Amino acid sequence: MLTKQDHDWLQGGLSLAAATGWTPEEVRLVTDLGYSLAEQGRHAEAITVFEGLAALVPATLYFQSALGALKLRIRDYAGALPHLNRVLAATPDDAVALVNRGETLLHLGDIAGARADLQRAVALVREPTPPPYIQRARALLTFIEQGGRPPVRTALPQRDIRQLGDGFQL
């Protein structure tokens, strides 16, 4: 027999986390674990954590953003794009997601789309000392304007680990 909670979850009225009794603190602890794994360069494990969190609490855009950033890091550009598109569909002025999607589009060969996202991100953040992700956006725009095209790579070398300031943030 289905409980009211089960029924509400099946009808889309509850997240899986709520239906299974996860508290916000438990979700936050697992989120912190995923972030720590990413910070340590343990991308595959971090992706697994954030995929689980995205299933538990699908309305939380941070998990989609994290998945997009992590898949960008491992050069799974086709895998990163849907996550970043979800974030930007809900929050079109998310500068971090714009930079990550711009870089993803650049690697996928969509130079015009990459340029548009990167220019928009730079225009949104007008701080005197821009954060690292805006510095990255400016560098990518310079690369594009100079006619640069990214090399096609299939896998991320084990030692190629970026700092979290490159667009993956809590």
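Just above, that's the structure.
Residues numbered from 1 in each chain as written. Predicted model: local features only at pLDDT ≥ 70, side-chain atom pairs only at ≥ 80, totals over all residues. Heavy atoms only, no water.

Colleague: Which residues make up the overall build of the chain, and what values do they have?
Modeller: For the chain, the count of helices and strands is 9 helices and 0 strands. The order of helices and strands in the chain, counted from the N terminus, is α-α-α-α-α-α-α-α-α. Each of the 170 residues in the chain was classed as buried or not, and the buried ones make up 44%. Residue pairs in contact within the chain that sit at least 24 positions apart in sequence constitute 55% of those at least 6 positions apart. In the structure as shown, the chain presents an accessible area of about 9,200 Å², 56% of it carried by carbon and sulfur atoms. (Helix = DSSP H or I, 4+ residues; strand = E, 2+ residues; numbered from the N terminus. Buried < 20%, exposed > 50% of the residue type's maximum accessible area, 1.4 Å probe, protein only. Contact = heavy atoms within 4.5 Å. Areas by Shrake-Rupley, 256 points an atom, 1.4 Å probe, with all protein chains shown as cover.)

Colleague: How would you explain the environment of Arg-73 if you had to name every residue and give the values?
Modeller: Secondary-structure assignment places Arg-73 in helix 5 (residues 61-73). Along the chain, Arg-73 and Asn-100 lie 27 residues apart, while their C-alpha atoms are 9.7 Å from each other. A polar side-chain atom of Arg-73 sits 3.5 Å from the main-chain carbonyl oxygen of Ala-38. (Polar contact = N/O pair within 3.5 Å; in protein donor to acceptor, adjacent residues only side chain to side chain.)

Colleague: Can you break down the side chain of Ser-65 residue by residue, with the values?
Modeller: Here Ser-65 is to be found in helix 5. With residues up to four places along the chain from it excluded, the contact list for Ser-65 reads Leu-84 and Val-87.

Colleague: Give me the pattern of salt bridges: which residues, what numbers.
Modeller: For the structure on display, the rule yields 7 salt bridges. Linking Arg-28 and Asp-32 is a salt bridge whose minimum nitrogen-to-oxygen distance equals 3.4 Å. You can see Arg-28 and its partner Asp-32 sitting in helix 3 (residues 24-39), 4 residues apart, about one turn around the helix. A residue is classified by how much of its surface remains accessible, and Arg-28, at 41% relative accessible area, is partly exposed. Close ionic contact of Lys-71 with Glu-51 constitutes a salt bridge, the shortest N to O distance being 3.6 Å. You can see Lys-71 sitting in helix 5 and its partner Glu-51 sitting in helix 4 (residues 43-56), a full 20 residues away along the chain. Owing to a relative accessible area of 39%, Glu-51 belongs among the partly exposed residues under this scheme. (Salt bridge = Lys/Arg side-chain N within 4 Å of Asp/Glu carboxyl O.)

On their own, these measurements won't tell you what the molecule is for.
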